[in-house]
Amino acid sequence: MQTDSFLHQLATTILKDYSTQLSDVVIILPNKRARIFLINAFQKQTQSTFFAPKIISIEDFVQDISGLQYIDGIEQLFVFYEVYCSLTPDQPEPFETFANWAKTLIQDFNEIDRYLLDPDKILKYLENIKEIEHWSVTIEKQTELIEKHLAFWRKLPEYYHAFYQHLRSAKKGYQGLIYREAKDNLNHFTNSLQNEIYLFAGFNALNKAEEVIVQHLLALDKAKIYWDIDQIFLNDPLHDAGHFLRRFQKEWPYYKNNSLQWIQNDFDTPKKIQVMGTSKSIGQAKLAGHLLEQHIKNQPESNLQNCAVVLGDETMLMPLLYHLPAEVQALNITMGYSSKNNPAQLLVNKWFKMHINALSRNANSYVFYYKEVLDLLTHPLLEPYLKTQSLVSRIRSYNISFIPQHRLMEMQGQCSPLFQLVFGAWESTPLAILEQLSKLLLSIKEEFNYTNTEEKIANAFLYSVYKVINKLISYYQTHSVDSNPETLYALYKQVIDLAEVSFEGEPLEGLQIMGVLESRVLDFETVIITSVNEGKFPSGKSGNSFIPYDVKREYGLPTYKEKDAIYTYHFYHLLQRAKNIYLIYNSDSEGLDAGERSRFITQLQVENRDNHTLSFEMYHPEVPQTAYEPIVIPKDVAVLQQLQDIATHKYFSPSALTNYVRNPIQFYFQRLLRVFEAEEVEENIAVNTLGTIIHAVLEDLYEPFIGQVLTEAAIMQCFALIDEKVLEKFKDVYKEGEIKKGRNLLAFEVAKRNVYNFLKLELDALQQGDVVQIIALEQPFERELIHPKLPFPIKIGGNVDRIELRNQRIRIIDYKTGKVDANAVMLSKWEGLTEDIKNDKIIQVLAYAFLYEQQAKGQPVEVGIISFKNLKAGFLPFAFKVDKEVHTEVTPAIISAYLDELATLLAEIINPDIPFVEKVN
């Protein structure tokens, strides 16, 4: 805190003027946050020990006068619903519908009371407006819908008075009710006073009730008020920062004989103001983090003691926390952050949805959907403590789409209490569900050890939701509410909007992060303000209210104009004593988060004060010269050793070779590092899985006939086994995946149809006179390749789908589930064979021909593909085209030419001077 700050000046004055009366002094500030800063200011003023004066916020002071207890928005909603049901006994709306309009209506009741207006007059005005809106010359009688609508507005005064009296009789109230009661109780309160002196400090805008209370105490000489206004704002009749103070100075009787204290002259001191535009919230968070890093670098001794980040849009908090520099050792967050989208609330949302969906799938079972289960198992608030990596892996590898609740418990085995609370079946009553959720949140909290800032922030999020759940438990315990889980969830979603997160920190240490309202009374030397855009700072014309603008103007209720004046004061107060100011705004003019630059920035330009250095800058994150740099991996000793190990002790498969041709980096990750894409549950059978199943079915069907000549009777025998074998292989390969409905049922039928069509093709060939003998199925082969281009022999190996002797010619077949046509296996020149991925089918099938060459013993060989999506084309042989002649027999000359190209590829793979370079499409 600065030595020339408002609170420092206040502490000095109090110690000077009231040194003998400190026990009688009561200091009233706009908010609770400033209290600890004022106490710190007192400590710095003196070396001796003394009892500090009583310091309270204006809300607490008014509450003391009224004798009522404030209740939060959630409890207000519950009480109002109770009152509403008593006044609407026939057909009251369900709570989740009621809450949609009740929140706005309570806010309007609050404003009416804070400004001491006659509620009957205002609410009757609203009724008349609604009647005029639905008035028509052509309609003799209003419809039932219009009648019901107007009846609602007629009942507003009844709702107001019943709600007011219900709370008052319980010695409770919302803010406006407490202010109205405090005003009515003011004479009784002042009559009981003795030597108390009330010092109001740091205020700007006051509602009508506050004005009456303050003026009453001033008139009795029981109070003094210290404003914090700069003469520039006060003396300029058009400057909104002085809007309220000018009115008070003109209208309050107290100022006819007393001067206004204090009028400052700080704004015109030297200031460096940098206006910085950048893209989106993330860009602003990164820029704020960068500015803090520079500040720490330039002033390492400051420890950020006199630096604050003020968030014009409080949703910026999470992005900002992620981009704070590591040098920020301590921070204090004070702001009204909504519970709506915090991590704990998102967890509870997922928990509710998972259980509600599990109950709704089947009346007689409790079945979870795997995505909802994995969402919880991998949630950051649960994953570190559940320790369920093996369960996650099993769900993914076994393709379990739907998991019965009891089965999930069995799969986990030793279920921790936390796991039981997350996935334990719900009891039948909403109260039991809420108690289970309350225990779940407490269990997560108990796992924290609070050694890092992340857990401290997570605890604040958890606690905000925990308080809401406990209020719901209290509500269900005291009210006979007949509701199902869906209604409970809807009710939860309504009340969670009203909850706010309270953060704990070190107010006097480290970086201060706050909202705009929390910055009142406080002064900092360096201020970073984010979201300085129209609609954010100032917040614009938006406001939830049933009371139209012209009615508010007529009766003196605050409108967006007054709200703008309040924001103007806060903005200029942040600048008033600061020396280094950074105003960050979103420069994007399009998109959801877009908005034009704030009028406050334009106002600073227009004012153009001599002592202010105002500069403008567009901040762009460092962007590389090229959009993407391909990955390059040099071949070090370890990589070369691994390659040699594969070449001499294992083998290079045809698929590995085509993998290298496709992308050397992919080959490096998969074949050397053994890093593959994360396994996911296949809700719908993938193409490669379907291919594996068809391969396995054909192997099983033909296995009994290896070494035999196929007959029509053998094929007919295979037809009879299609359904059984396809189902068996589906279960083997697809594990516990669902195959009885949806797309997977279609895939199941496609597999059967593919096998059937293949056997039909086989049968037709036999009927036309083909003589076929099965030699091998899915048989592994290995062979060393010795070539002048290679420094040492290299092993080639792989599994061949099918080898047969057909009409005295050996045929090597590779099954392909996808569509392949004849052009994919036709070649007209050898040069560049292994450089183009379009030749991947040729590289593969000729590798199989090389592997089987010795076993063929000179017999004519064909090698090719059968494509299940192109079965009508039948067997697609490798063909070498010379001029107009096409040769399908794999001759020694063809093998030799192929091996020459293959050796070139292998020599590149094992060459230490050629790194693995990513191919970017």
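Rules and cut-offs
- Residues numbered from 1 in each chain as written.
- Predicted model: local features only at pLDDT ≥ 70, side-chain atom pairs only at ≥ 80, totals over all residues.
- Heavy atoms only, no water.
- Helix = DSSP H or I, 4+ residues; strand = E, 2+ residues; numbered from the N terminus.
- Rg over C-alpha atoms; globule rule 2.2 N^0.38 Å.
- Contact = heavy atoms within 4.5 Å.
- Areas by Shrake-Rupley, 256 points an atom, 1.4 Å probe, with all protein chains shown as cover.
- Lys, Arg positive; Asp, Glu negative; His and termini not counted.
- Charge placed at Lys NZ, Arg CZ, Asp CG, Glu CD.
- Core = buried A, V, L, I, M, F, W, Y, C linked by side-chain atoms within 4.5 Å.
- Buried < 20%, exposed > 50% of the residue type's maximum accessible area, 1.4 Å probe, protein only.
- Phe/Tyr/Trp six-rings, centres within 6.5 Å; stacked < 30°, edge-to-face > 60°.
- Lys NZ or Arg CZ within 6 Å of the ring centre and 35° of its normal.
- Pairing = 2+ DSSP bridges.
- Axes fitted to C-alpha atoms, helices over the stretch in contact; angles between N-to-C directions.
- Polar contact = N/O pair within 3.5 Å; in protein donor to acceptor, adjacent residues only side chain to side chain.
- Expected span 1.5 Å × (residues − 1).
- Arc of directions from axis to C-beta.
- Salt bridge = Lys/Arg side-chain N within 4 Å of Asp/Glu carboxyl O.

Asks: Break down the overall build of the protein chain for me, with residues and values.
Replies: Within the protein chain one finds 36 helices and 29 strands. By the compact-globule yardstick of 29 Å for 921 residues, the protein chain is too spread out, its C-alpha radius of gyration being 39 Å. Each principal axis of the C-alpha atoms in the protein chain carries an extent, and together these give about 120 × 70 × 65 Å. Counted over contacts in the protein chain with a minimum sequence separation of 6, partners at least 24 positions apart contribute 77%. Surface exposure of the protein chain reaches about 44,400 Å², of which carbon and sulfur atoms provide 49%. For the protein chain, the distance from the average position of its 92 positive side-chain charges to the average position of its 118 negative side-chain charges is 1 Å.

Asks: Let's hear about the nonpolar core: which residues, and what values?
Replies: Counting residues in each nonpolar core, the largest one holds 215 residues, and the members touching the most others are Phe61, Phe200, Phe352 and Phe423. Counting residues per element, this core draws most heavily on helix α23 (residues 453-478), which supplies 13 residues. Core analysis: the next-biggest nonpolar cluster, separate from the first, contains 61 residues, Ile646, Tyr668, Phe781 and Leu906 among them.

Asks: Can you break down the packing of aromatic side chains residue by residue, with the values?
Replies: Summed over the entire model, instances satisfying the criterion amount to 76 aromatic pairs. Relative to Phe667, the ring of Phe652 has its centre 6.4 Å away and its plane inclined at 25°; by these criteria the two rings are stacked. You can see Phe652 sitting in the loop between α28 (637-649) and α29 (654-662) and its partner Phe667 sitting in helix α30 (residues 664-672), a full 15 residues away along the chain. A residue is classified by how much of its surface remains accessible, and Phe667, at 0% relative accessible area, is buried. Over the ring of Tyr585 we find Arg597, and its NZ or CZ is 5.8 Å from the ring centre. For Lys635, the ring lying beneath its charged end belongs to Phe916, and the centroid distance is 4.8 Å.

Asks: Quick one: what's the story with the sheet that holds strand β5 (residues 197-201), residue by residue and with numbers?
Replies: Strand order in the open sheet formed by 4 strands is β2-β1-β5-β6, and the pairing between neighbours is parallel. Lying at the two open borders of the sheet, with one neighbouring strand each, are β2 (54-57) and β6 (223-226). With strand direction ignored, the average angle separating the axes of adjacent strands in the sheet is 20°. Here β5 runs beside β6; their pairing, made up of 4 bridges, is parallel. Paired with Tyr198 across the bridge in β6 is Ala223. Along the sheet, helix α3 (residues 58-66) contacts β1 (25-29), β2 and β5; its crossing angle with β2, the most-contacted strand, is approximately 95°. Strands in contact with helix α11 (residues 208-219) are β5 and β6; relative to β6, the strand with the most contacts, it is inclined by about 125°.

Asks: Tell me about the sheet that holds strand β22 (residues 794-806), and name the residues and values.
Replies: Taken together, 5 strands build an open sheet; the order of strands is β21-β22-β23-β25-β26 and the sheet is mixed. Both outer strands of the open sheet, β21 (772-785) and β26 (875-877), are each paired with one neighbouring strand and no more. Averaged over all neighbouring strand pairs, the angle between strand axes comes to 40°, with direction disregarded. Pairing of strand β23 (residues 809-816) with strand β25 (residues 861-867), which is carried by 7 bridges, proceeds in the parallel orientation. Its bridge partner lying in β25, Tyr815 is registered against Ile866. On the sheet, helix α31 (residues 687-702) packs against β21, β22 and β23 and is oriented at approximately 120° with respect to β21. Sheet strands in contact with helix α36 (residues 892-910) are β21 and β22, and its direction is about 145° off that of β22.

Asks: How would you explain the side chain of Thr658 if you had to name every residue and give the values?
Replies: Tracing the sequence through the fold places Thr658 in helix α29. Polar contacts involving the side chain of Thr658 include one to the main-chain carbonyl oxygen of Ser655, which spans 2.9 Å. Apart from residues no more than four positions distant in its own chain, Thr658 is found in contact with Ile837, Asp840, Ile843 and Gln844.

Asks: So what about the pairing of strand β9 (residues 271-278)? Which residues, and what values?
Replies: Judged by how many residues are buried, β9 sits mostly within the fold: 7 of 8 residues are covered. Looking at chain direction, β9 and strand β19 (residues 612-618) are connected through 7 bridges and run parallel. The residue bridging Gln274 from the neighbouring strand is Ser615, located in β19.

Asks: If you had to explain α28 to someone new, which residues and values would you point to?
Replies: Here α28 spans 17 Å end to end across 13 residues, near enough to the 18 Å set by a 1.5 Å rise per residue. Where α28 is concerned, the buried positions are Val639, Leu643, Ile646 and Ala647. In a view along the axis of α28, the buried residues occupy a sector of 95°, so they form one face of it. In α28, the exposed residues that point more than 90 degrees away from the buried face are Val637, Ala638, Gln641 and His649. Buried residues in α28 make contact with α30, β22, α36 and β29 (916-917).

Asks: I'd like a rundown of unusual backbone geometry, residues and numbers included.
Replies: Put simply, Gln261 and Trp262 share a cis peptide bond, and its omega is -15°. For Trp262, the location among the structural elements is in the loop between α13 (243-251) and β8 (263-264). Here the amide bond leading from Phe537 into Pro538 is cis, since omega sits at 10°, within 30 degrees of zero. With respect to the helices, strands and loops of the structure, Pro538 is situated in the loop between β17 (526-530) and α25 (549-555). For Ser531, which is not glycine, the phi dihedral falls at a positive 55°. Mapped onto the elements of the fold, Ser531 is located in the loop between β17 and α25. In this structure, Asn608 takes a positive phi of about 45° despite not being glycine. Judged by its relative accessible area of 56%, Asn608 falls in the exposed class.

Asks: Give a detailed account of the pattern of salt bridges, specifying residues and quantitative values.
Replies: Counted according to the given criterion, the structure contains 46 salt bridges. For Lys752, the salt bridge identified is with Asp723, shortest N-O distance 3.7 Å. Linking Lys752 in helix α34 (residues 742-767) with Asp723 in helix α33 (residues 722-733), this pair joins segments that are 29 residues apart in sequence. Classification of Lys752 as buried rests on a relative accessible area of 15%. The partner of Lys816 in a salt bridge is Asp814, and the shortest N-O contact between them spans 3.2 Å. A residue is classified by how much of its surface remains accessible, and Lys816, at 18% relative accessible area, is buried. What makes Asp814 buried here is its relative accessible area of 6%.

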